[in-house]
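# Architecture at a glance
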Amino acid sequence: MSSTQNSRRTDQTGQSADQDRPPERSEQEGAAEAAGPDPGEVELLRARVDELEDLWRRALADLDNMRKRMTRELETQRRAQRAEVTAMWLPVLDDLERALQHAESDPESVIEGVRSVRDRAVSTLRDLGYPRRDELGVPFDPARHSAVAVRTDSDVPPGTVVEVHQPGYGDDENQLRPALVSVSAKAGD
């Protein structure tokens, strides 16, 4: 058998006998390892590491600048939204001032003025996405109502809103508060 065939011989487990032996190296490779790494190659690797570190630092600086810019932009948007919502409430304030100006001359006009102000405020809330919820005779919905009392009422089905103590504003996920209501129950419950 030749030496190549000998090295490819398998042992009793069926594995090649040369698997446990380290791969053969040429004399040049062995001499290069003994002399150490090539200085030119080391210099190239150092330059690449420096380049990657520079890219990493730049990326971190860009990320930090983006965070600062986003924070400024969010604050600018918040100020603009607050100003927009506040501007929507100015007509309500104007109506209140007019009602107070006429309060001394005609007490009846004060009542009419307060109604007007309330209607404008309800309209403003609706325009902002929070419609008033004060319906009677609707089925009780725990997502929109908060029951504060139960009343026996044979005229309506059980679980029906029979009185609204405080209206709710908004819908589903856009709810400022649920309506406080009294709910009907069967007689004897």
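Residues numbered from 1 in each chain as written. Predicted model: local features only at pLDDT ≥ 70, side-chain atom pairs only at ≥ 80, totals over all residues. Heavy atoms only, no water.

## Overview of the pattern of salt bridges
- Applying the stated criterion across every chain yields a total of 17 salt bridges.
- A salt bridge links Arg79 to Glu75; the nearest nitrogen and oxygen atoms lie 3.8 Å apart. Of this pair, Arg79 and Glu75 both sit in helix H3 (residues 39-101), four residues apart, which is roughly one turn of the helix.
- Owing to a relative accessible area of 44%, Arg79 belongs among the partly exposed residues under this scheme. (Salt bridge = Lys/Arg side-chain N within 4 Å of Asp/Glu carboxyl O. Helix = DSSP H or I, 4+ residues; strand = E, 2+ residues; numbered from the N terminus. Buried < 20%, exposed > 50% of the residue type's maximum accessible area, 1.4 Å probe, protein only.)

## Remarks on the packing of H3 against helix H4 (residues 107-127)
- For the pair H3 and H4, interaxial distance at closest approach is 9 Å and the crossing angle is 175 degrees. In terms of orientation, H3 and H4 fall into the roughly antiparallel class. Residue-level contacts link Met88, Trp89, Pro91, Val92, Asp95, Leu96 and Ala99 of H3 to Val110, Gly113, Ser116, Val117, Arg120, Ala121, Thr124, Leu125 and Asp127 of H4.
- A per-class count over the contact of H3 with H4 returns 10 nonpolar, three polar and three charged. (Axes fitted to C-alpha atoms, helices over the stretch in contact; angles between N-to-C directions. Parallel < 35°, antiparallel > 145°, perpendicular 65-115°, else oblique. Contact = heavy atoms within 4.5 Å. Nonpolar A, V, L, I, M, F, W, Y, C, P; charged D, E, K, R; others polar.)

## Thoughts on the side chain of His145
- By the element assignment, His145 lies in strand S2 (residues 145-152).
- The exposure class assigned to His145 is buried, which follows from its relative accessible area of 7%.
- Setting aside anything within four residues of it in sequence, one finds His145 in contact with Val138, Pro139, Phe140, Val161, Pro178, Ala179 and Val181.

## Side note on the sheet that holds strand S3 (residues 161-166)
- With mixed pairing, three strands are arranged side by side in an open sheet as S2-S6-S3. The open sheet has two free edges, formed respectively by S2 and S3, since each of these has just one partner strand. Each neighbouring strand pair of the sheet contributes to a mean axis angle of 30 degrees, computed without reference to strand direction.
- Bridging between S3 and strand S6 (residues 179-185) involves four bridges; their strand directions are antiparallel. Paired with Val161 across the two strands is Val183, which belongs to S6. (Pairing = 2+ DSSP bridges.)

## Some thoughts on the sheet that holds strand S4 (residues 168-171)
- With antiparallel pairing, the three strands of this open sheet are ordered in space as S1-S4-S5. The open sheet is flanked by strand S1 (132-133) and strand S5 (174-177), the only strands paired with a single partner.

## What about unusual backbone geometry?
- The backbone of Asp172 shows a phi angle near 40 degrees, a positive value even though the residue is not glycine.
- Among the structural elements, Asp172 can be located in the loop between S4 and S5.

## So, the pairing of S4
- Pairing analysis gives two bridges linking S1 to S4, with the strands arranged antiparallel. Bridging across to S4, Arg132 finds its partner in Tyr169.
- Where S4 and S5 come together, three bridges link them in antiparallel fashion. From the neighbouring strand, Tyr169 faces S5, where its bridge partner is Arg177.
- Counting the residues in the hairpin turn of S4 and S5 gives two residues, including Asp172, whose phi is positive at 40 degrees.

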